[in-house]
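Listed below are the residues making up each chain.
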Amino acid sequence: GIDEVPLLVLTHFHADHVGGVSGVLAGRSVGSVLVSPLRDPPDQVGEVAAEVSGLTVADAVPGQTGQWGQASWRVLWPAELITGEGSDANNASIVLLVKVSGIRLLLTGDVEPAAQQAMIRDGAVPQADVLKVPHHGSKTSTSLAFVQQVQPRVGIISTGAGNPFGHPHQQVLDVLAQQGVAVWRTDEHGAITITSDGTGYRVSAVRLYRPVLPGHGQEVAYQAFHKE
């Protein structure tokens, strides 16, 4: 039922982050497109350029903001391009803080520890209710310092079932569990939805969720949180 997309954000140009552009554009009105300033890898950049031809396309710059209805967003990263420390393209991912009905969501693309450390250094890591866990929960995806800075109550890991990379890595799951973060995973739970009634928010999914936090032993259909 979505026929209008005010802002299409392409965090970086890896195929698993831009391969669905044609599906988003099909039959929908898109206001503008925000992209990473690092044009890498070139072949994917070319494909995306062809897909979004005719639309307003702009590089992400920290401090950019926008608002539609009750939803607002702010670009936090990339403030610099980091090379030679992991994946250059991943570290150039767009990081957004989105606020909806008082709920704060931190959307991180694939930023790796090098970019996370730079964000912490610059004071650019806000607290958020929900963290989209960076880089599909890979072993090098999420530093303890980053999670401690964000202090999320919920972590969402987007990764394919049976993926050949072993995402999410147990090391990351352990970090999140140690910090008391309730983890939802697309490989186990399918499509994940967060809704808010203005006084709190609810996380639900296509498949049942098995809490891993102490005191929760059975599968549930959703988790509800009140705003603090």
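What counts, and at which threshold
- Residues numbered from 1 in each chain as written.
- Predicted model: local features only at pLDDT ≥ 70, side-chain atom pairs only at ≥ 80, totals over all residues.
- Heavy atoms only, no water.
- Helix = DSSP H or I, 4+ residues; strand = E, 2+ residues; numbered from the N terminus.
- Pairing = 2+ DSSP bridges.
- Axes fitted to C-alpha atoms, helices over the stretch in contact; angles between N-to-C directions.
- Core = buried A, V, L, I, M, F, W, Y, C linked by side-chain atoms within 4.5 Å.
- Buried < 20%, exposed > 50% of the residue type's maximum accessible area, 1.4 Å probe, protein only.

Visitor: Just to check I follow, could you spell out unusual backbone geometry for this structure?
Guide: The phi angle of most residues is negative, glycine excepted, and most peptide bonds adopt the trans form. Here the bond from Asp40 into Pro41 is cis, since omega is 0 degrees, no more than 30 degrees from zero. Pro78 follows Trp77 through a cis peptide bond whose omega is 15 degrees. Here Pro78 shows up in the loop between strand 5 (71–77) and helix 4 (88–91).

Visitor: So what exactly am I meant to see when it comes to the sheet that holds strand 1 (residues 4–10) here?
Guide: Pairing in this open sheet of three strands is parallel, and the strands run 1-2-3 from one edge to the other. Looking at the sheet topology across the chains shown, the edges are occupied by strand 1 and strand 3 (56–59). Between one strand axis and the next, the sheet turns by 20 degrees as a mean value, whatever way the strands run. As judged from the six bridges shared by strand 1 and strand 2 (residues 29–35), these two strands associate in the parallel manner. When the sheet's bridge partners are listed, Leu8 is paired in strand 2 with Val33.

Visitor: In this structure, what is going on with the nonpolar core? I would like to understand it.
Guide: It is characteristic of soluble globular proteins that their nonpolar side chains tend to be buried jointly. Counting 26 residues, the largest nonpolar core has Trp77, Val95, Leu106, Met119, Val150 and Leu176 as its most contacted members. At the level of secondary structure, the elements contributing two or more residues to this core comprise strand 5, strand 6 (95–100), helix 5 (113–121), helix 6 (144–150) and helix 7 (170–178). Formed by 19 residues, the second largest nonpolar core is a distinct cluster that contains Leu7, Leu96, Ile103 and Val154.

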